[in-house]
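This is what each chain is made of:
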Amino acid sequence: ERLLPGLTPVVRSRFVRDLMVRLLLSRATAPKGKSNGIGLLALRVERLAAVGDMKSAVGLLRVSSVGSVDEQLGRAEIEGLYFQNDNSGACAKLRGLIGRHKGLYWQQANAFCLALAGEHAKSAMIADILRERETDVGPEFFSLVDALAGDKDALVESLNKPNGLHISMMRAANLKLPEDVIQSSRPAVLRAVALSPNAALKIRLDAAERAMMIGALSPRELGELY
């Protein structure tokens, strides 16, 4: 619990990154002793997500039942699915948890899933309620809800701190990712942008090269993009 948070998420060595992932996915017996309450599972999932290995993070959560009751882990799984462009999987998970968690993220994710299901009136209702907290939510969410409902004039001009939900909503709405999206140094974001058909090729290549250097994208995937 003391050492795992010290694993650096951005490393310029694929070998070091692969060793880190192997450690985090190890089946070794957890050490005995007094816990500080964070828990090894949460720490392992958080570090896997930090290095951009969302597939492994989601896989680790799915072999545990803790994500069904822990809000942080439940959100981590949904974010991991969004980053993998698995909207149906994310929305299925959300439906099982939305009655338990009521924060802003959950309401935004619920509005997105309702829009994907064609229930735009319900999605818009949630967005209207959230407008009272616009400074906490961000203008991009409201533009995306409008775009998903068919507003051709909806536009997201800036997205410099995106999460998986934002990336997935942009793709579903078929809106071009703004140039500042790659200001983020998060491996998961760089990988998602590199694989996003709704981003300009220059932005995708920039993201892909950076993602490959830190192990979030394979050389083969970079080659395929070129």
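Rules used throughout
Residues numbered from 1 in each chain as written. Predicted model: local features only at pLDDT ≥ 70, side-chain atom pairs only at ≥ 80, totals over all residues. Heavy atoms only, no water. Helix = DSSP H or I, 4+ residues; strand = E, 2+ residues; numbered from the N terminus. Rg over C-alpha atoms; globule rule 2.2 N^0.38 Å. Buried < 20%, exposed > 50% of the residue type's maximum accessible area, 1.4 Å probe, protein only. Salt bridge = Lys/Arg side-chain N within 4 Å of Asp/Glu carboxyl O. Axes fitted to C-alpha atoms, helices over the stretch in contact; angles between N-to-C directions. Parallel < 35°, antiparallel > 145°, perpendicular 65-115°, else oblique. Left-handed = near helix turned anticlockwise from the far one by under 90°. Contact = heavy atoms within 4.5 Å. Nonpolar A, V, L, I, M, F, W, Y, C, P; charged D, E, K, R; others polar. pLDDT = per-residue confidence, 0-100. Disulfide = S-S within 2.5 Å.

Some thoughts on the overall build of the protein chain
- The helix and strand tally for the protein chain stands at 13 helices and 0 strands.
- When the helices and strands of the protein chain are placed in sequence order, the string is α-α-α-α-α-α-α-α-α-α-α-α-α.
- For the protein chain, the C-alpha radius of gyration of 18 Å lies close to 17 Å, the compact-globule estimate for 226 residues.
- Along the first, second and third principal axes, the C-alpha atoms of the protein chain reach 55 × 45 × 30 Å.
- For the protein chain, with 226 residues in total, the buried portion stands at 49%.

A closer look at the pattern of salt bridges
- Under the definition given, this model contains 8 salt bridges.
- Close ionic contact of Lys93 with Glu77 constitutes a salt bridge, the shortest N to O distance being 3.3 Å. Of this pair, Lys93 sits in helix H5 (residues 87-97) while Glu77 sits in helix H4 (residues 71-83), placing them 16 residues apart in sequence. Taken individually, Lys93 and Glu77 each receive the classification buried, so the pair is uniform in this respect.
- In this structure, Asp128 and Arg131 form a salt bridge, with 3.6 Å as the shortest nitrogen-oxygen distance.
- Note on Asp128: relative accessible area 48%, which makes it partly exposed.
- Residue class for Arg131 comes out partly exposed when judged on its relative accessible area of 35%.

A look at the packing of helix H2 (residues 40-50) against helix H3 (residues 54-62)
- Their axes nearest at 8 Å, the elements H2 and H3 cross at an angle of 160°. The angle between H2 and H3 places the two elements in the roughly antiparallel class. Of the two elements, H2 crosses H3, and the hand of that crossing is left-handed. Of the residues in H3, those in contact with Leu41, Arg44, Val45, Leu48 and Ala49 of H2 are Met54, Ser56, Ala57, Leu60 and Leu61.
- Grouping the amino acids of the contact of H2 with H3 by side-chain chemistry returns 8 nonpolar, 1 polar and 1 charged.

Thoughts on the environment of Ala216
- Inspection of the secondary structure puts Ala216 in the loop between helix H12 (201-213) and helix H13 (219-225).
- Linking Ala216 and Val21, residues 195 residues apart in sequence, is a C-alpha distance of 11 Å.
- When near neighbours in sequence (up to four residues on either side) are disregarded, Ala216 contacts Arg17, Val51, Pro187, Arg191 and Ala211.

Notes on the confidence of the model for the protein chain
- Taken as a whole, the protein chain shows an average pLDDT of 91; of its residues, 98% reach a score of 70 or greater.
- Mean pLDDT values for the elements of the protein chain range from 82 in helix H8 (residues 134-137) up to 97 in helix H10 (residues 164-173).

Let's talk about the state of the cysteines
- The final tally for this structure, using the stated rule, is 1 disulfide.
- Paired through a disulfide, Cys91 and Cys113 show a sulfur-sulfur distance of 2.1 Å. Handedness of the Cys91-Cys113 disulfide follows from its S-S torsion of about -95°: it is left-handed. Pair noted here: Cys91 is in helix H5 and Cys113 is in helix H6 (residues 104-116), with a separation of 22 residues, a long-range link.
- Owing to a relative accessible area of 6%, Cys91 belongs among the buried residues under this scheme.
- For Cys113, a relative accessible area of 9% gives the class buried.

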